[in-house]
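Structural overview for review
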Amino acid sequence: MAEPGVETRTRSSVITARAAASFEPVGRSVATARAFVRDTLQGWGHTDVVDDAVVLTSELVTNAVIHAGTAADVLCLRTEHGVRVEVADRYPEREVPLQGTGHAEPDPERENGRGLLLCAALASRWGVDYSPTQKRVWFQLELPERPVGTRSAGPVLPVDLLPVADERVRVAVAQIDRNGTITTWNEDAEHLFGYAADLVVGKPLGDFAAWPQTPGIGTGIAEALRLSRWEGSYGIRCADGRVIPVYASHLRVRDAQGEQSTVCLLVRDYERAILQSPPRTPVDSASESRSTDPFEVFIGSPAPDDLDGLLQRTVERARDMLDGDAAFLLLATDDETELEVRATTGLPSARQRFARVPVEAAGTGRYSSARMPAVHEDLTAVPGGVPLLNGTGMRSVVTVPLKVEGRLTGSLGVAAEAAGRYSNEEALRLQFAADRIALAVESARLGELERLRRGSLSFLVEASDLLAGTLDRDQTLALMAQMTVPTLATWCAVYTIADPTSDPYLSYVLHEDEERIDGLKALLSKIPPPEPVPAPGARIWTAPADAAHQAALRTSMRELGHSSSPLSSGIGTTLTTAATVGGETVVLPLVARNRVIGMLTLGKPTDDHFRQEILELAEDLSRRAALALDNARLYSERTAISQSLQRSLLPPGLPQVPGVEVDVIYRAAGEGNEVGGDFYDLFPIHDNAYGFAIGDVCGTGPEAAAVTGLARHALRLLAREGLGGPAVLERLNAAILDEGARSRFLTLLYGELWPQEDGSALLKVVCAGHPLPLRLRQDGTVEPAAEPQPLLGVMDDLELYEETVVLDPGDVLLCVTDGVTERREGSRMLGDDGLADVLTTCTGLTAGAVTARIMRAVERFAPEPPSDDMAILAMRVPEPHAD
């Protein structure tokens, strides 16, 4: 039964909706329960009681899952007069401390029992119900009395103070599915942004939303679409390349089948009054009597928990407080010499974000410094008095500093299109508000910087790993561009400089929208590249924007000159390219080993600027990228030299031997090697006589290749001097030993070939320590075609001799290096017998087919790639053709 003094029943009322959920006894369930209650009540439209309901639910679920250690069941009920929330746990024996009993009241400083104190303070009614299996704590929140049909209302205003909107107010409606893909696009959206529905439906909203995002900071578009309700400003990229600032209201819904989606309502940013929710106001005297923080009075509750949201809320409240047409907030750099635009509202373009203005403007007096409050009654009298407002049509403005412990941290301003709107009284009101929020803004800014530093370190570590993972120049260029777009910039271009006497060359261009890459590349190819200045840091480059604007102007003039004909697609492409490069463009030098090897160019779209932290991150990236690019260049150059030298060691080509088919397969071990320790050769000695050789130098790589070159050229020279096989090899042995410490022993099969008139072929061979050649006869028998003799490069005195072999029509002579016979898989080895078995199956095949089958057998013998050089030489005497 219920404890005395605690009401257990609500007044009779009709339940019009209910929602229930259960939560496991784990800490994360508290946050999940809060989200469940918030989404439920917001879905019912009871935003006035959401905050109190969430606080009470959080405390009661904490009592259940943390202190009682049981699962919690949460039930939300909607009635005509309010909402009731019930939280039940599975621990009915646990006592509930109550007022007016012998039990001690819960200590407000302790977490246990604090939820009941909050129920007594916030709820209209509350109570506790017991059953044999559970205990249920419930609370009732009454809805404020409202006139029928009225959700909220504002005062009656004079006509000239009403917000400005177009004659035809257009509200774009887009519905987004749970994957972020557009499923609905209404007629007003087509008119506002220039895209027909069939062009956007099925594509992600992120392809069109210019979301103000900094790496590691703020709420992204994906997170915003997952919230039950969201309001704020961002931009939409239009079909003509412009970005229109919009004010949006997102509402997450589900259909009867439970499928979730988000409905997005969008208007032009200056028409935000159409969608913007009014600030929450106290609904009864009890609410008004509660103590309120001056910061909460100005910024509203709940306060945004991210810096961008806090700054945007600040400028919107400041504008409304002084009934202005625009407002802006700038944050000071660390050295307090410049102010960076971080939030604006009501200005012609919100894309001036991160633009910088000096703290001390030109001139003297209090109006030239952002460190003091200032009121400008008419900006036309002081041109440039507030650089941010140049060309915006604003005439009167009041600005005040944000200070923390006497240090300038920012500046807040409100502007109006009419002159003389503001006086010192408004400046005092705005300064009071600035003093209330300065500490919160500085705290949020420091938190943002810390997150940005962590995000930057993570970004640079990942970039270093990626750049270190390749030595290919083209891949390095692509990685440089892909790491900067879209994380750091909207587009980028990489220029490279081959040597100090060469001009910069446009090597790579990338844009976040692939359809704009060709136009951007064409524009950059027509203008001179930036100067290769070695000074560190980013510098502004205006040439792309100037060239694009001139091209757009010329195209527009030509189109106007042919006004009777429809507009061509060329002007659309030109205007799109102009918008692409219309923002800030910076150049960072790529310096490696005290030489400028290129430039990294980063750009933003129209009126957009880089923030200093992003430029510093880009500078760090450019240093790493420059070293990686130079390493890739050096590797490419050395690889090209190595391959050129190696190719010089290979025979220029196999000669045509009359009456004999010849084919060779050669594989050098090691990445980038074309020649190793194995080699082969086939060359004419004199008329109708040919020399052939296949050998294996001890080892692999360049050292072995050097001996390979010596052997191949010595064999040709000595054979053409008329020396026989043994004499040729004896002199080659002496030449190898003369190399001293650089010498390496060598196995070699050398022979001379004479095609005969009867269709056979006569061979004289010397096998110096090399795997024996195998002879395949027409009947499929395989036998060695020579005897083993001593290898070269070990002893001074060698006694070598020739052996004669006759190849009849249809016979094959197969010569291989030990990379073939010593092919291994674990303890198994192909060996001489395995090679002979494969050769047995080659009866009737051409020389090319024989070498191919042998190679396939070697590759299939083990799954791992071969670790030794391999050479396969096959010579076959073809059978005579039947008449």
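Right, let's walk through the structure included here.

Rules and cut-offs
- Residues numbered from 1 in each chain as written.
- Predicted model: local features only at pLDDT ≥ 70, side-chain atom pairs only at ≥ 80, totals over all residues.
- Heavy atoms only, no water.
- Helix = DSSP H or I, 4+ residues; strand = E, 2+ residues; numbered from the N terminus.
- Buried < 20%, exposed > 50% of the residue type's maximum accessible area, 1.4 Å probe, protein only.
- Contact = heavy atoms within 4.5 Å.
- Areas by Shrake-Rupley, 256 points an atom, 1.4 Å probe, with all protein chains shown as cover.
- Core = buried A, V, L, I, M, F, W, Y, C linked by side-chain atoms within 4.5 Å.
- Patch = residues over 30% accessible without salt bridge, like charges linked within 9 Å, V, L, I, M, F, W, Y side chains within 5 Å.
- Salt bridge = Lys/Arg side-chain N within 4 Å of Asp/Glu carboxyl O.
- Expected span 1.5 Å × (residues − 1).
- Polar contact = N/O pair within 3.5 Å; in protein donor to acceptor, adjacent residues only side chain to side chain.
- Pairing = 2+ DSSP bridges.
- Axes fitted to C-alpha atoms, helices over the stretch in contact; angles between N-to-C directions.

Here we come to the overall build of the protein chain. Counting secondary structure elements, the protein chain contains 20 helices and 34 strands. Buried positions account for 47% of the 883 residues belonging to the protein chain. Residue pairs at least 24 apart in sequence account for 62% of intrachain contacts in the protein chain once pairs closer than 6 positions are excluded. About 43,100 Å² of surface is accessible on the protein chain, with carbon and sulfur atoms providing 52% of the total.

Bringing the environment of M870 into the picture now. As for its placement among the helices and strands, M870 is situated in strand β34 (residues 870–876). With a relative accessible area of 2%, M870 lands in the buried category. Through-space distance from the C-alpha of M870 to that of A668 is 6.4 Å; in sequence the pair is 202 residues apart. Beyond its immediate chain neighbours, meaning those up to four positions away, M870 contacts I665, Y666, R667, D678, T817, G819, V820, M855 and V858.

M480, L524, L590 and L602 are the most contacted members of the largest nonpolar core, which has 51 residues in total. Broken down by element, this core gets its largest block of residues, 9 residues, from helix α15 (residues 612–649). Beyond its immediate sequence surroundings of up to four residues, L524 is in contact with W491, A493, Y495, L506, V509, W541 and P544.

What follows concerns a nonpolar patch on the surface. On the surface, F745, V794 and M795 cluster together into a nonpolar patch covering about 270 Å² of accessible area. Considering the arrangement of structural elements, one finds V794 in the loop between β29 (782–784) and β30 (803–807).

The subject of this paragraph is the pattern of salt bridges. Applying the stated criterion to the full structure yields 31 salt bridges. When the shortest N-O distance is used, the salt bridge between D269 and R272 registers 2.8 Å. For R623, the salt bridge goes to E619, with nearest N and O atoms at 3.6 Å. With a gap of 4 residues between them, R623 and E619 both fall in helix α15, about one helical turn apart.

This brings us to helix α11 (residues 473–484). If you check α11, its first and last C-alpha atoms are 17 Å apart, about what 12 residues at 1.5 Å a residue would give, namely 16 Å. Three or more residues of α11 are buried, namely T476, L477, A478, L479, M480, A481, M483 and T484. The backbone nitrogen of D474 has a side-chain oxygen 3.2 Å away, supplied by the residue at the start of α11, namely D472.

Attention now moves to the side chain of R84. Structurally, the position occupied by R84 is in strand β3 (residues 82–89). Here E86 takes part through its side chain, which lies 2.7 Å from a polar atom of the side chain of R84.

Turning our eyes to something else, we now look at the sheet that holds strand β1 (residues 15–23). On the basis of which strands lie adjacent, the open sheet formed by 5 strands has the order β1-β2-β3-β5-β4 and antiparallel pairing. With partners counted over all chains shown, the strands left at the sheet margins are β1 and β4 (125–130), one partner each. Each adjacent strand pair in this sheet contributes to an overall mean axis angle of 15 degrees, direction not counted. In the sheet, strand β2 (residues 72–79) pairs with β3 via 6 bridges, with the strands oriented antiparallel. Across the sheet, the residue bridging to L77 is R84, located in β3. Across the face of the sheet, helix α1 (residues 28–44) comes into contact with β1, β2 and β3 while running at roughly 165 degrees to β1.

Turning to the pairing of strand β31 (residues 812–816), a few remarks are in order. With 5 of its 5 residues buried, β31 lies for the most part within the structure. Here β31 shows two buried faces, one formed by V812, L814 and V816 and the other by L813 and C815. In this structure, strand β28 (residues 774–776) lies alongside β31, joined through 3 bridges in antiparallel fashion. Looking at β31, one finds that L774 is bridged to L814. Where β31 and β34 come together, 5 bridges link them in antiparallel fashion. Bridge pairing links V812 to R876 in β34.

By themselves, these figures tell us nothing about what the structure is for.
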